[in-house]
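What the coordinates show
Spelled out from the first residue to the last, the chains are:
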Amino acid sequence: MIRSELVQKIASENSDLRIEEVERIVDTFFDSIVDQLASGGRVELRGFGAFSTRSRESRTGRNPRTGAAVDVKAKSVPYFKPGKEMRERLNG
């Protein structure tokens, strides 16, 4: 499912909301998650899962085209851990 499909599904299940209102809600939801992660926080949605970040050390990588060594800086990457209910639905 892509973002526009999510917006359409929410709009179809909530006929009292205009499509613009649903888009604003979805944007606010995702922006809030990103803002919390960017500030070093964590977002937990019970039954769904938890979003957090993990640190990656700096390292020396390789350019796949030339094989030349490339320095890769340390960075934070997003991480998602599914909740118990999600795991059960996927494997049940």
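Residues numbered from 1 in each chain as written. Predicted model: local features only at pLDDT ≥ 70, side-chain atom pairs only at ≥ 80, totals over all residues. Heavy atoms only, no water.

Looking now at the confidence of the model for the protein chain. In low-pLDDT segments, the atomic positions of the prediction should not be examined closely. Residues of the protein chain with pLDDT of at least 70 account for 100%, and the chain-wide mean is 95. Considering each helix and strand of the protein chain separately, the mean pLDDT is smallest for helix H3 (residues 84-91), with a value of 94, and largest for strand E1 (residues 43-45), with 97. (pLDDT = per-residue confidence, 0-100. Helix = DSSP H or I, 4+ residues; strand = E, 2+ residues; numbered from the N terminus.)

A word on the packing of helix H1 (residues 3-13) against helix H2 (residues 19-38). Following both chains from N to C, one finds H1 and H2 inclined at 125°, their axes separated by 9 Å at the closest point. Compared by their axis directions, H1 and H2 come out oblique. The two elements H1 and H2 meet at a crossing, and its hand is right-handed. Contacts from Arg3, Leu6, Val7, Gln8, Ile10 and Ala11 in H1 reach Ile19, Val22, Glu23, Val26, Asp27 and Phe30 in H2. Considered class by class, the residues forming the contact of H1 with H2 number 8 nonpolar, 1 polar and 3 charged. (Axes fitted to C-alpha atoms, helices over the stretch in contact; angles between N-to-C directions. Parallel < 35°, antiparallel > 145°, perpendicular 65-115°, else oblique. Left-handed = near helix turned anticlockwise from the far one by under 90°. Contact = heavy atoms within 4.5 Å. Nonpolar A, V, L, I, M, F, W, Y, C, P; charged D, E, K, R; others polar.)

Let's shift gears to the pattern of salt bridges. Inspection of every chain in the model, using the stated rule, returns 6 salt bridges. Here Glu13 ties to Lys9 by a salt bridge, and the two come within 3.1 Å at their closest N and O atoms. Here Glu13 and its partner Lys9 are both found in helix H1, 4 residues apart, which amounts to about one turn of the helix. On the basis of relative accessible area, Glu13 is assigned to the exposed category, the value being 55%. In this structure Lys9 comes out as partly exposed when scored by relative accessible area, which is 43%. Arg42 is the salt-bridge partner of Glu44, the closest N and O atoms lying 3.4 Å from each other. Under the relative-accessibility criterion, Glu44 is labelled partly exposed at 42%. (Salt bridge = Lys/Arg side-chain N within 4 Å of Asp/Glu carboxyl O. Buried < 20%, exposed > 50% of the residue type's maximum accessible area, 1.4 Å probe, protein only.)

Turning to the layout of surface pockets, a few remarks are in order. In this structure, the largest pocket spans a volume of roughly 160 Å³. In this structure, the largest pocket is lined by Leu6, Phe29, Phe30, Ile33, Leu45, Phe48 and Phe51. When residues of the lining of the largest pocket are assigned to their parent elements, the largest contribution, 3 residues, is made by H2. (1 Å grid on protein atoms, 1.4 Å probe; cavity = no way out; pocket = protein on both sides within 12 Å on 5 of 7 lines; lining within 4 Å. Points joined across faces, edges and corners; volume = space filled by probe spheres on them.)

This part takes up the packing of aromatic side chains. Tallied over the full model, the rule gives 4 aromatic pairs. Ring plane angle 55° and centroid distance 5.4 Å describe the contact between Phe48 and Phe80, whose orientation is recorded as tilted. With Phe48 in the loop between E1 and strand E2 (49-56) and Phe80 in strand E5 (residues 75-82), this pair connects stretches of sequence that are 32 residues apart. What makes Phe48 partly exposed here is its relative accessible area of 38%. Between Phe51 and Phe80, the aromatic rings sit 4.9 Å apart at their centres with planes inclined by 45°, giving tilted as the arrangement. Of the two residues, Phe51 sits in strand E2 while Phe80 sits in strand E5, which places them 29 residues apart along the sequence. Judged by its relative accessible area of 30%, Phe80 is partly exposed. In textbook terms, an aromatic cluster arises when at least three aromatic residues are bridged by ring pairs, as seen for Phe48, Phe51 and Phe80. Between the NZ or CZ atom of Arg54 and the centre of the ring of Tyr79, over which it lies, the distance is 3.6 Å. (Phe/Tyr/Trp six-rings, centres within 6.5 Å; stacked < 30°, edge-to-face > 60°. Lys NZ or Arg CZ within 6 Å of the ring centre and 35° of its normal.)

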